[in-house]
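Topology and contacts: notes
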Amino acid sequence: MCGRFTLTRADRAELERELGVPRGSLPGEYHPRYNIAPTDWHFIVRQRFEDREIARAKWGLVNHWTQPGKRVTGPINARAEGVDRRPAFREAFLKRRCVVPADGFFEWAGPDGQRRPLWFHRPDGGLLLLAGLYESWFPAPDRRERTFTILTTRANEMMRPIHDRMPVVLSDEQADAWMNPKDPNPVDLKKLLGPPPDEWLVYRPVSPLLNSPRNDYAELLQPYEFIE
């Protein structure tokens, strides 16, 4: 699964370049994040015509048919294997595919009561393009809100000792194929939704203060040595 992630880039222009979007695309309130949690505002990248664009969105998919005025917490993850069949995701899979920019995500290891956060990231510190879906709904009759979910797949060899699921990580080329709104047969895209190669990711133990979503600062990602 994917329950927390990071996007720590401070240079806005460089991040926009890496994402392949026009200069000035990032939301004005963008700042580095070290502990992005469910229901937080973030942003997605989607394809419009031939270009990529950024759209502000909240983590936790709420379907467009949800009635205004309801207090809703949408799913933060969608299992890739059934994403074309489950009613909650089927329409978004056909029409509203996106990528979620990150540069790391967390998983927890250890026995109950002693869960230890591990930060998974690229060895070179590069971006991770996580496969996602998005929707728009109206929490109030006059207010539209965009939401997203992150797709998960079976664990690769590196992840398997820690968890049996992991987010779908796409290459830049795969991301273009995934986001293409003109694909005549989106079901064929499911072949992109397997686990990434083991060498794409490394991990290290980080501060247990990450257990609280209220904590969000750079020192959380420093290597941490757990005392047995």
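Predicted model, so just to flag it, every value in this text is computed and none were measured.

All right, on to the nonpolar core then. Ranked by internal contacts, the top residues of the largest apolar core, which has 56 residues, are Phe5, Leu19, Phe148, Leu151, Trp178 and Leu193. Element by element, the count of residues in this core is highest for strand β9 (residues 128–140), at six residues. Those residues in contact with Leu151, other than ones at most four positions away along the chain, are Ala78, Ala80, Val83, Ala131, Gly132, Leu133, Met166, Pro167, Val168, Trp178 and Leu193. Counting residues in each nonpolar core, the second largest holds eight residues, with Tyr34, Phe106, Trp108 and Trp119 among its members.

What follows deals with the side chain of Arg46. By the element assignment, Arg46 lies in strand β3 (residues 41–48). Polar side-chain contacts of Arg46 include one of 2.7 Å to the side chain of Glu53. A polar side-chain atom of Arg46 sits 3.4 Å from a polar atom in the side chain of Tyr134.

Looking now at the pattern of salt bridges. Taken as a whole and assessed by the stated rule, the structure comprises 20 salt bridges. Here Arg9 and Glu18 are joined by a salt bridge, their closest N and O atoms 2.9 Å apart. Look at Arg9 and you get buried, because its relative accessible area is 15%. Through salt bridges with shared partners, a single ionic network connects Arg9, Glu18 and Asp103.

Definitions and cut-offs
Residues numbered from 1 in each chain as written. Predicted model: local features only at pLDDT ≥ 70, side-chain atom pairs only at ≥ 80, totals over all residues. Heavy atoms only, no water. Core = buried A, V, L, I, M, F, W, Y, C linked by side-chain atoms within 4.5 Å. Buried < 20%, exposed > 50% of the residue type's maximum accessible area, 1.4 Å probe, protein only. Helix = DSSP H or I, 4+ residues; strand = E, 2+ residues; numbered from the N terminus. Contact = heavy atoms within 4.5 Å. Polar contact = N/O pair within 3.5 Å; in protein donor to acceptor, adjacent residues only side chain to side chain. Salt bridge = Lys/Arg side-chain N within 4 Å of Asp/Glu carboxyl O.

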